[in-house]
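Chain residues, written in single-letter form:
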Amino acid sequence: MIKQNNMNLSDHVTLAEFCHSDTAKRRGIDNTITDPNHLAAAKLLCEKVFEPMRLHFGVPIHISSGYRSGALNRAVKGSASSQHCKAEAFDLDADRYGKVTNAQIFEYIKENITFDQMIWEFGNDSQPDWVHVSYKAKGNRGQILKAKKINGSTVYLAFS
Ligand SMILES: [Zn+2]
C-alpha cells in the first residue's frame, strides 16, 4: 500500500497531483496508486517528460489527468487499454496557468523529448484543448496523433 500522499514523483510533481481527479472525488472513487509498478512508471514519466519540459519553460504546467484506476477509467469512458491506467500517461493543460500555450508544449516535446505517444487533443489547428503524452520504460514509439470529433465520435488521425 502506498500511503504517502504528499510524496513527490519528481521535483515538480506530487503523487497527489498525479492521482487527482474531480470525477473520482465527486463519485467517491478510490484513485490511489497501489501497484509499485505503476508508481515506478509514474516516476519515470515525470522525470523523463515533465521535468525537462518544466525546466525549459521555467513556469508551472498543469497536469489535468494522470493516473486512472480501473473504476475511474470506466467512469470517464476511457479506452480499456489507456496508458493512464498503467500510470504511463498524463494530460497536460498549460492553458490553466496561461504562462505558455498547449501548442508550445506540444512543439517542445515533439522536438526535444523521447515519448511513446503524444496526442493533440481536439481544439483547433492552432491550439489543442490539452496534450496527452505517454512514456514507457522500453520501446517508446514516438507516435504522434491528432484527436478530432467527427459526427460525434472521436477519431485519431496521424499528425502532420
Ligand atoms: Zn490522456
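Residues numbered from 1 in each chain as written. Predicted model: local features only at pLDDT ≥ 70, side-chain atom pairs only at ≥ 80, totals over all residues. Heavy atoms only, no water.

Considerations on the overall build of the protein
Phase 1 of the analysis: Secondary structure assignment for the protein yields 5 helices and 8 strands.
Phase 2 of the analysis: A compact globule built from 160 residues should have a C-alpha radius of gyration of about 15 Å, and the protein, at 15 Å, falls within 12% of that.
Phase 3 of the analysis: With the C-alpha coordinates of the protein rotated into their principal frame, the extents come out at 45 × 40 × 35 Å.
Phase 4 of the analysis: By residue count, 48% of the 160 residues in the protein fall in the buried class.
Phase 5 of the analysis: For the protein, contacts bridging at least 24 residues in sequence account for 64% of all contacts bridging at least 6. (Helix = DSSP H or I, 4+ residues; strand = E, 2+ residues; numbered from the N terminus. Rg over C-alpha atoms; globule rule 2.2 N^0.38 Å. Buried < 20%, exposed > 50% of the residue type's maximum accessible area, 1.4 Å probe, protein only. Contact = heavy atoms within 4.5 Å.)

Overview of the coordination of the zinc ion
Phase 1 of the analysis: Protein ligation of the zinc ion involves His84 (NE2), Asp91 (OD) and His132 (ND1), the donor distances falling in the range 2.0 to 2.1 Å.
Phase 2 of the analysis: If you list the donors of the zinc ion from N- to C-terminus, the spacing comes out as H-x6-D-x40-H. (Donors = N, O, S within 2.8 Å, 3.2 Å for Na, K, Ca; no water.)

Quick look at helix H3 (residues 36-57)
Phase 1 of the analysis: The terminal C-alpha atoms of H3 lie 31 Å apart, and with 22 residues this matches the ideal 32 Å at 1.5 Å per residue to within 8%.
Phase 2 of the analysis: The largest bend along H3 measures about 35° and falls at Phe50, with the proline Pro52 one to four residues further on.
Phase 3 of the analysis: Considered for burial, the residues of H3 that qualify are His38, Leu39, Ala41, Ala42, Leu45, Cys46, Val49, Phe50, Glu51, Met53, Arg54 and Phe57.
Phase 4 of the analysis: If you check the start of H3, you find a side-chain oxygen 2.7 Å away from the backbone N of Asn37, and it comes from Asp35.
Phase 5 of the analysis: Count one or two residues on from H3 and you reach Gly58, which has phi positive near 70°. (Expected span 1.5 Å × (residues − 1). Bend = angle between axes of the 7 residues up to and from the residue. Polar contact = N/O pair within 3.5 Å; in protein donor to acceptor, adjacent residues only side chain to side chain.)

Observations concerning unusual backbone geometry
Phase 1 of the analysis: Phi angles above zero are rare outside glycine, and Lys77 is one such case at about 55°.
Phase 2 of the analysis: Mapped onto the fold, Lys77 is located in the loop between helix H4 (70-75) and strand E4 (89-92).
Phase 3 of the analysis: Positive phi is not limited to glycine here, since Phe122 has a value of about 55°.
Phase 4 of the analysis: With respect to the helices, strands and loops of the structure, Phe122 is situated in the loop between strand E5 (117-121) and strand E6 (130-134).

Let's talk about the pairing of E6
Phase 1 of the analysis: Most of E6 sits out of view: 4 of its 5 residues are buried.
Phase 2 of the analysis: Pairing geometry for E5 and E6, over 5 bridges, is antiparallel. Bridge pairing in E6 links Met118 to Val133. (Pairing = 2+ DSSP bridges.)

Description of the pairing of strand E7 (residues 143-150)
Regular strands have side chains that alternate between both faces of the sheet.
Phase 1 of the analysis: Here E5 pairs with E7 via 5 bridges, running parallel. Counted as the bridge partner of Glu121 is Ala147 from E7.
Phase 2 of the analysis: In the sheet, E7 pairs with strand E8 (residues 153-158) via 6 bridges, with the strands oriented antiparallel. Opposite Ile150, over in E8, you have Ser153 as the bridge partner.
Phase 3 of the analysis: Linkage of E7 to E8, two consecutive antiparallel strands, is achieved through a turn of 2 residues, within which Asn151 is found at a positive phi near 50°.

As for the nonpolar core
Phase 1 of the analysis: The biggest cluster of nonpolar side chains holds 38 residues, and the ones touching the most others in it are Phe18, Met53, Phe90 and Leu92.
Phase 2 of the analysis: Those elements that place two or more of their residues in this core are helix H1 (15-19), H3, E4, helix H5 (102-112), E5 and E6.
Phase 3 of the analysis: Setting aside residues up to four positions removed in sequence, Phe18 forms contacts with Leu9, Val13, Ile33, Ala42, Leu45, Cys46, Gly66, Tyr67, Ala87, Ala89 and Phe90. (Core = buried A, V, L, I, M, F, W, Y, C linked by side-chain atoms within 4.5 Å.)

Keep in mind these values describe shape, not function.
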